[in-house]
Amino acid sequence: MGKKECIAMLLAGGQGSRLGALTSKIAKPAVSFGGKFRIIDFALSNCTNSGIDTVGVLTQYRPYLLHSYIGSGEAWDLDARDGGVSILPPYATQEGGAWYAGTADAITQNLEYIKMYDPEYVLILSGDHLYRMDYRKMLASHIQHKADLTVSVMPVPWEEASRFGILTADDDGRIQRFDEKPEKPESNLASMGIYIFSTKVLVDALEADAVDQRSSHDFGKDIIPKLLSEGYGLYTYEFHGFWKDVGTIASFHETSMDLLGPNPEFDLYDKSFPILSNITTRPPHYIGPDAVIDDALVSNGCKVYGTVRHSIVSTDAVVGERAVVEDSVLLPGAQVKAGAHVRRAILGENAVVEEGVKLGSVDTTKDTAVVGNDVVIGKGE
């Protein structure tokens, strides 16, 4: 193995329970987003666009779709012989097998993978955020500060600060304190859960944490506070740009709708920093003679015979004759049959709304309607 400057460890084991029916059968990073992408595409594309060619993907909860989707990594140009993408599920040891106990434990169980490449730096990512980021800039900041750990941060609205890990830093960016979800935040700089460690610091910290029975084996709760208290050089890297955790149905729906319009906040079409995907090539979408489409993303392989307004119609979805879809997201393969009316809803993969059924509401005070993957909504439901 050639020595690598920096490799990435991508945490993709999340159940995403707040996404309810959308993650009952698949892990959150595998959930479809933006018509022809899956959430994990964004972090993998960032790695490729940042010149990071070795990525370990740590899976856990319902990983089958994720494993088959990532495949050889070719779709993201991550199929090099000396590196590429590797799937790292939990595995049985002589002491028995166990699910990862926390974010730090997941990396600890894969230290052999890191040591195999002997990198100078390790980038740790979450597989369930939507953003476009050049990690090379963060790495340059880490090297410039001679940091032991660099944490990517971004300013968040003060009223939301208590939902995040909050950092206070001096003028040079050196972290002075770190509070996980504080009731009364002292700063509005939130950790994005993106870390660059100097490898020896990471390995030593994880090996010490693994035998600490009081630890919950989590980066935010345990590793970072301990390194801070021991006087290590921890620095912030401030990110300015679009970054969303679509961890709830409301944020998933809202962020999807934000992709629409002439000037969306997140541009899926930026050729200089493309979002890559392993959706196999499908035929072009078909728009029927009586179809009406207004302010919508319509993906490959779709057939639209009815009306679609302010919605996202993902790969291979079908909207039947006289059917109306408004303010909604149809995930891959979803079907809205003839005469049905779907408003402010998310239809899971291969879900079916039968003929004439009315689903969802224009009332924004009500929750977005969600239909799980493979679920059929008939007249009586």
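Before reading on, note that the structure itself is shown above.
Novice: Whenever I open this one, the packing of aromatic side chains confuses me. Can you help?
Specialist: Within a pair of aromatic rings, the relevant descriptors are the distance that separates the centres and the angle that separates the planes. All told, the structure shown has 13 aromatic pairs when counted by the stated rule. Their ring planes at 65° and their centres at 6.5 Å tell us that Tyr 131 and Tyr 135 sit as a pair that is edge-to-face. The same class applies to Tyr 131 and to Tyr 135, which are both buried. An aromatic cluster of three or more residues is present, and its members are Phe 33, Phe 37, Phe 42, Phe 242, Phe 252 and Phe 266. The ring of Tyr 69 carries Arg 38 above its face, with NZ or CZ at 5.4 Å from the centroid. Positioned over the ring face of Phe 266 is Arg 132, at 4.9 Å from the centre of the ring.

Novice: In this structure, what is going on with the pattern of salt bridges? I would like to understand it.
Specialist: Close approach of charged atoms allows side chains with opposite charge to pair. Evaluated as defined, the whole model comprises 16 salt bridges. In this structure, Asp 53 and Lys 4 form a salt bridge, with 3.2 Å as the shortest nitrogen-oxygen distance. Placement of Asp 53 in the loop between helix H1 (40–49) and strand S4 (54–58) and of Lys 4 in the segment before strand S1 (6–11) is noted, with a sequence separation of 49 residues between them. Its relative accessible area of 32% is what places Asp 53 among the partly exposed residues. Assessed through its relative accessible area of 11%, Lys 4 is described here as buried. Asp 128 is paired through a salt bridge with Lys 28; the nearest N and O atoms lie 3.4 Å apart.

Novice: Whenever I open this one, the sheet that holds strand S24 (residues 341–343) confuses me. Can you help?
Specialist: What the 5 strands build is an open sheet, ordered S15-S18-S21-S24-S27; its pairing is parallel. If you trace the sheet from one side to the other, it starts and ends with strand S15 (292–294) and strand S27 (358–360), each paired once. Each neighbouring strand pair of the sheet contributes to a mean axis angle of 5°, computed without reference to strand direction. Relative to S27, S24 runs parallel, the two sharing 3 bridges. What sits directly across from Val 342, in S27, is Leu 359.

Conventions adopted
Residues numbered from 1 in each chain as written. Predicted model: local features only at pLDDT ≥ 70, side-chain atom pairs only at ≥ 80, totals over all residues. Heavy atoms only, no water. Phe/Tyr/Trp six-rings, centres within 6.5 Å; stacked < 30°, edge-to-face > 60°. Buried < 20%, exposed > 50% of the residue type's maximum accessible area, 1.4 Å probe, protein only. Lys NZ or Arg CZ within 6 Å of the ring centre and 35° of its normal. Salt bridge = Lys/Arg side-chain N within 4 Å of Asp/Glu carboxyl O. Helix = DSSP H or I, 4+ residues; strand = E, 2+ residues; numbered from the N terminus. Pairing = 2+ DSSP bridges. Axes fitted to C-alpha atoms, helices over the stretch in contact; angles between N-to-C directions.

The values are spatial; any link to function lies outside them.
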